[in-house]
Amino acid sequence: MANVSLKSIYKKYPGGVIAVSDFNLEIAHKDFIILVGPSGCGKTTTLRMIAGLEEITSGEIFIGTKLVNDVAPKDRDIAMVFQNYALYPHMTVFDNMAFGLKIRKTPKDQIKKLVDEAAEILDITHLLDRRPKALSGGQRQRVALGRAIVRNPQVFLLDEPLSNLDAKLRAQMRTELSKLHQRLGTTFIYVTHDQVEAMTMGTRIVVMDNGFIQQVDTPHTLYMKPGNKFVAGFLGSPQMNFIDAFVRSNEGKYFVEFGSEQTKTSRGKKYLIELPDSKNSKECLKPYVDKAVVVGIRPENLHDEEMFLSAAKKDSIIECKVDVTELMGAETYLYLDCEGIPLTARVSPRSTTAAGDVIEVAVDTSKLHLFDKETEVTITN
């Protein structure tokens, strides 16, 4: 069983720089785990510690039932695919894929069988006699994957393998990698800073920041129920809107209040939006009455169409000035200003809204998220 267990992992560099702190994660057999986060968050360092390319400062790493802290990378039964492919330019595709097997003194007939099988899986059989310089970026990436596949490892480690490809090829390779994972039936640990890759490929996502795990869950749960403001803002494109607000209470109901005092650039309008019953019933809001919080709302939950405006409660309609519109094909992004608060709405491509317009926008209150202003931990989703 190719389960991987990381227990209280720390990585400290000379000079006191801590790259990874108290990292605990259980990865089940056949999981497709994604480590995602901004540059410098510790995700690649974590992957390299699993591979044995980076020493851990403290903690334990198990692959299967074997403690591998002091096991050499070549003996960990893992295969790693790098961002830059790392192919030998003077070797053919066949020799690049066979190289690791030759080092292990695998019999020639078995090498040919394994390489041919991997080439067929990746649809590169017709490229086996070519050298890397004659291949496209996507083909080189397939060769790098093939070199990993022939080893039949317990665990695949992939370090931003698609970052050098163009957008169209990245989308294609995301699908190919998901299919490959299902076909091979083994464990994948994948590092990326691209949240689209994380959301579309992973069975579970590990969101990291500043060396710490922020949250581990399925893509759907992370998106719908983020554990803190960082996770909420990191996942989603365009990112979640955040509004500084106050929680108010009246006759057993809770409201969020935001807006501005009158200035030269704003009308000084305040909004008092009632929270729906699903959030009103939560005891967790009581301690926050008359206190500052951060309200989160995703762009797709702000609506400018008449059908939404007519169905919305009057107090959940806000007035916004349109700064910029972007037609993205299947949708339009509206960049708005509501009493000095910048907001982004993702609306229908049929929208005729133009820059400079003042429009009404309906807020889907059932999709509001509230965060503690100091700790940034989620109060309610």
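Look up: the structure comes first, before these words.
Residues numbered from 1 in each chain as written. Predicted model: local features only at pLDDT ≥ 70, side-chain atom pairs only at ≥ 80, totals over all residues. Heavy atoms only, no water.

Novice: Tell me about the environment of G137, residues and numbers included.
Specialist: Following the sequence through the fold, G137 ends up in helix α4 (residues 137-149). Taking the C-alpha atoms as reference points, G137 and L165, separated by 28 residues in sequence, lie 6.2 Å from one another. Not counting residues within four places of it along the chain, the set of residues in contact with G137 comprises Y85, L165 and L169. (Helix = DSSP H or I, 4+ residues; strand = E, 2+ residues; numbered from the N terminus. Contact = heavy atoms within 4.5 Å.)

Novice: Before we move on, can you summarise the side chain of N228 with the specific residues and values?
Specialist: Of note, N228 is situated in the loop between α7 (219-224) and α8 (229-234). For N228, a relative accessible area of 11% puts it in the buried group. Only 3.1 Å separates the side chain of N228 from the side chain of Q214, close enough to count as a polar contact. Setting aside residues no more than four positions away along its own chain, N228 makes contact with Q214, Q215, F371, E376, V377 and T378. (Buried < 20%, exposed > 50% of the residue type's maximum accessible area, 1.4 Å probe, protein only. Polar contact = N/O pair within 3.5 Å; in protein donor to acceptor, adjacent residues only side chain to side chain.)

Novice: Report on the pattern of salt bridges, specifying residues and quantitative values.
Specialist: By the definition in use, this model includes 19 salt bridges. In this structure, the salt-bridge partner of E54 is R48, at a minimum N-O distance of 3.4 Å. Since its relative accessible area comes to 28%, R48 is described here as partly exposed. Measuring nitrogen to oxygen at the nearest pair gives 3.5 Å for the salt bridge that ties R346 to E331. (Salt bridge = Lys/Arg side-chain N within 4 Å of Asp/Glu carboxyl O.)

Novice: Any chance you could break down the sheet that holds strand β16 (residues 317-327) for me, citing the residues and the numbers?
Specialist: Read across the sheet, 5 strands follow the order β15-β19-β16-β17-β18 without closing on themselves; strand pairing throughout is antiparallel. Edge positions in the open sheet fall to β15 (302-303) and β18 (341-347), since each of these has one partner strand only. When β16 meets strand β17 (residues 332-338), the two strands line up antiparallel, connected through 6 bridges. Along β17, the bridge assignment pairs K321 with D337. (Pairing = 2+ DSSP bridges.)

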